[in-house]
Amino acid sequence: MAKGRKRINADKRQENWVDRLVAINRVSKVVKGGRRFSFNAIVVVGNEDGLVGAGLGKANQVASAISKGNEDAKKNLIRVPIRDGTIPHKVIGRQDAGKVLLKPAAPGTGVIAGGGVRAVLECAGLTNVLSKSIGTSNPHNQVKATINALESLEDAMEVARRRGIPLEKVFNG
């Protein structure tokens, strides 16, 4: 976690969660009687208003893996600063061999992203963002790199309050 931020636990009362299934992977284990198959699922959950989280669920059935991933995602929520439907500044997120570049975009641009990056951005409620996935196309690393990038975003008001200076001084020095 970046800069001492804490993850936010999902409220059981809140019912307006949007969840996106990013990927399902079948894995096999060779045992004496043959192959034993199990599944893992990457799920992204958000409220489309600045809260987003990603989770990994593993189980012997696909439905169980998805529900476990959903619960894991709700345990790992982060708050994303949103300004006019976009992010406050350019940021790069990293996870293993995957890097994701996120840039703010003008209104009407839409979410220019693919795969797991799009799922995370849309669940967070961002509507105008440019992105570029650099390195691996592994959905696990793409989702985690996007979460890492969103975690390291800072709002100008928050920076001014933390430093104890006026907002103008944050931009003008």
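Scroll up a little and you will see the structure.
Cut-offs and rules
Residues numbered from 1 in each chain as written. Predicted model: local features only at pLDDT ≥ 70, side-chain atom pairs only at ≥ 80, totals over all residues. Heavy atoms only, no water. Pairing = 2+ DSSP bridges. Helix = DSSP H or I, 4+ residues; strand = E, 2+ residues; numbered from the N terminus. Axes fitted to C-alpha atoms, helices over the stretch in contact; angles between N-to-C directions. Contact = heavy atoms within 4.5 Å. Expected span 1.5 Å × (residues − 1). Buried < 20%, exposed > 50% of the residue type's maximum accessible area, 1.4 Å probe, protein only. Polar contact = N/O pair within 3.5 Å; in protein donor to acceptor, adjacent residues only side chain to side chain. Phe/Tyr/Trp six-rings, centres within 6.5 Å; stacked < 30°, edge-to-face > 60°. Lys NZ or Arg CZ within 6 Å of the ring centre and 35° of its normal.

Asks: Please clarify how the sheet that holds strand β1 (residues 18-31) should be interpreted in this entry.
Replies: Adjacent strands of a sheet form backbone hydrogen bonds with each other and so pair up, either parallel or antiparallel. Here four strands make up an open sheet; going across it, the order is β1-β2-β3-β4 and the pairing antiparallel. Of all the strands in the sheet, the pair left with one neighbour each is β1 and β4 (77-79). Between one strand and the next, the sheet's axes are offset by a mean angle of 15°, whatever the strand orientation. Pairing of strand β2 (residues 34-46) with strand β3 (residues 51-59) involves eight bridges; the strand directions are antiparallel. Paired with V45 across the two strands is G53, which belongs to β3. Where helix α2 (residues 115-124) meets the sheet, it contacts β1, β2 and β3, and its direction lies at approximately 140° from that of β1. Across the sheet, helix α3 (residues 139-151) touches β1, β2, β3 and β4, and the angle it forms with β3 is around 155°.

Asks: What am I meant to see in the sheet that holds strand β7 (residues 111-112) here?
Replies: Ordered by their spatial adjacency, four strands build an open sheet running β5-β6-β8-β7, and the pairing between neighbours is mixed. Unpaired on one side and paired on the other, β5 (91-95) and β7 mark the two borders of the sheet. Strand direction decides the pairing type here: β5 and strand β6 (residues 98-104), joined by five bridges, are antiparallel. Looking at the pairing, G93 lines up with V100 of β6. Sitting on the sheet, α3 is in contact with β5, β6 and β8 (129-135), with an inclination near 135° to β5.

Asks: It is not clear to me how α3 should be interpreted in this structure. Could you clarify?
Replies: Spacing of three or four residues puts side chains on the same side of an α-helix, whose turn is 3.6 residues. The first and last C-alpha atoms of α3 sit 18 Å apart over 13 residues, in line with the 18 Å expected at 1.5 Å per residue. Taken together, the buried positions of α3 are occupied by N141, Q142, V143, A145, T146, I147, A149, L150 and E151. Of the residues that open α3, the one with a side-chain oxygen 3.0 Å from the backbone nitrogen of H140 is N138.

Asks: Explanation requested: the packing of aromatic side chains in the structure shown.
Replies: Within a pair of aromatic rings, the relevant descriptors are the distance that separates the centres and the angle that separates the planes. All told, the structure shown has zero aromatic pairs when counted by the stated rule. In this structure, R26 packs its charged tip against the face of F37, placed 4.1 Å from the ring centre.

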